[in-house]
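Below, each chain spelled out in residue letters.
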Amino acid sequence: MEEISIKDIEGINIGQVENSEGGTGCTVVICKDGMRAGLDIRGGGPASRESQLLNPLMAAQSIHGILLAGGSAFGLEAATGVMNYLEEHDIGLDVGVTKVPLIAQADLFDLMVGDKYARPDVKMGYEAAKAAMENPNYKDGNYGAGCGATIGKIAGGKTCMKSGIGSYAIQVGELKIGAIVAVNALGDIYDHKSGKMIAGLLSEDHQSLRSTTEVMASSIDVVDNRFVSNTTLAILVTNAKFEKSQLCKIAGMGHDGYARSIRPVHTSYDGDSIYAASVGEVKADQEVVGTLGADVIAEAIKRAVYSAKGAYGLPALCDLELGG
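Residues numbered from 1 in each chain as written. Predicted model: local features only at pLDDT ≥ 70, side-chain atom pairs only at ≥ 80, totals over all residues. Heavy atoms only, no water.

### A closer look at the pattern of salt bridges
Overall, the coordinates contain eight salt bridges when judged by the stated rule. Asp 191 serves as the salt-bridge partner of Lys 302, at 2.7 Å between the closest nitrogen and oxygen. One end of the pair, Lys 302, is in helix H5 (residues 286–307); the other, Asp 191, is in the loop between strand E13 (188–190) and strand E14 (197–199), with 111 residues separating them in the sequence. Lys 241 serves as the salt-bridge partner of Glu 281, at 3.5 Å between the closest nitrogen and oxygen. Highlighted residues: Glu 281 in strand E17 (residues 273–282) and Lys 241 in the loop between strand E15 (233–240) and helix H4 (244–261), separated in sequence by 40 residues. (Salt bridge = Lys/Arg side-chain N within 4 Å of Asp/Glu carboxyl O. Helix = DSSP H or I, 4+ residues; strand = E, 2+ residues; numbered from the N terminus.)

### A look at the pairing of strand E3 (residues 24–41)
With respect to burial, E3 is a largely interior element, 15 of its 18 residues being buried. Both strand E2 (residues 13–19) and E3 contribute to a ladder of seven bridges, which runs antiparallel. Paired with Gly 15 across the bridge in E3 is Val 28. Counted along the chain from E2 to the antiparallel partner E3, the turn is four residues long, and its residue Gly 23 has a positive phi close to 80°. With six bridges connecting them, E3 and strand E5 (residues 63–69) associate as antiparallel partners. Bridge pairing in E5 places Val 28 opposite Leu 67. (Buried < 20%, exposed > 50% of the residue type's maximum accessible area, 1.4 Å probe, protein only. Pairing = 2+ DSSP bridges.)

### Here we look at the environment of Leu 76
Positionally, Leu 76 belongs in the loop between E5 and helix H1 (78–88). Classification of Leu 76 as buried rests on a relative accessible area of 18%. Taking the C-alpha atoms as reference points, Leu 76 and Ser 48, 28 residues apart in sequence, are found 7.0 Å from one another. Excluding residues within four positions of it along the chain, Leu 76 makes contact with Ala 47, Ser 48, Arg 49, Gln 105 and Asp 107. (Contact = heavy atoms within 4.5 Å.)

### Some points on the side chain of Ser 203
Note on placement: Ser 203 falls in the loop between E14 and helix H3 (212–217). The buried category is assigned to Ser 203, whose relative accessible area is 8%. Within the local environment of Ser 203, its side chain forms a polar contact with the side chain of Asp 205, the two groups lying 2.6 Å apart. Reaching out from Ser 203, the side chain makes a polar contact with the backbone nitrogen of Gln 207 at a distance of 3.2 Å. Leaving out residues up to four positions away in the same chain, Ser 203 has contacts with Thr 159, Ser 208 and Arg 210. (Polar contact = N/O pair within 3.5 Å; in protein donor to acceptor, adjacent residues only side chain to side chain.)

So this is what it looks like as structure tokens:
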């Protein structure tokens, strides 16, 4: 098993656009020939588009793109921009009079940083698709959907940290598995190998970390609204051949990677979602891919935190001597 770049997985193009001043952006993975895909949503507050297409009972057997974006539900119009670009380039489901690109989208809540009125829109989605197809530009860090990502928000904005988007990929023989994760969690981030907390809820003086779980456990009083900028989104991609039902299961197994790396996770105030996409014909065991996929996702979460830079008055891990 060896590490490769997410860009080494053939059949996909990845593009990103961000509004750094506004604190939002989007990341799109496009497969012009269509990719089989599944979805598993574990968080209680998702903002998504065309999710039902990925239900194994639905007729469509493939889609043409998966878009991760900021802006909460306001940002869902960005997929229209991706569709416009692909239609212009004759990519999509042939319906006779035109080709309809099928684009699934999930958004995270980043309205608390930058400008709350800066949201991914049709233009940004178009530019992300153009970048993917003409000048693939994926990078880890404060880019694309990770532009406004933050973590450790149980005590509010003054003690949370800047996060970002991260990737990790491996190859085992002919099999390739990779993940892109935009980490915007309510909870803290842990190293999935050592179990050590590496980022998240800061102390009041920003000199140490506090456990979100312990802070939550200090009071059992009902809190009416913790909907303050959450949701972790992932796209798991493999060149193994699977159908939609299998990919939904693999996406579900991928949530083990979330659970190893984020605490707490899958709360009612997160929209935690994982897409799993098949873009090849390699024969591989579903359980092996799902198990390795969880590991890949966990490592991508770690990379997102380590690659982030401080912004919007919030420190990132690289700004503090807290990591390990």
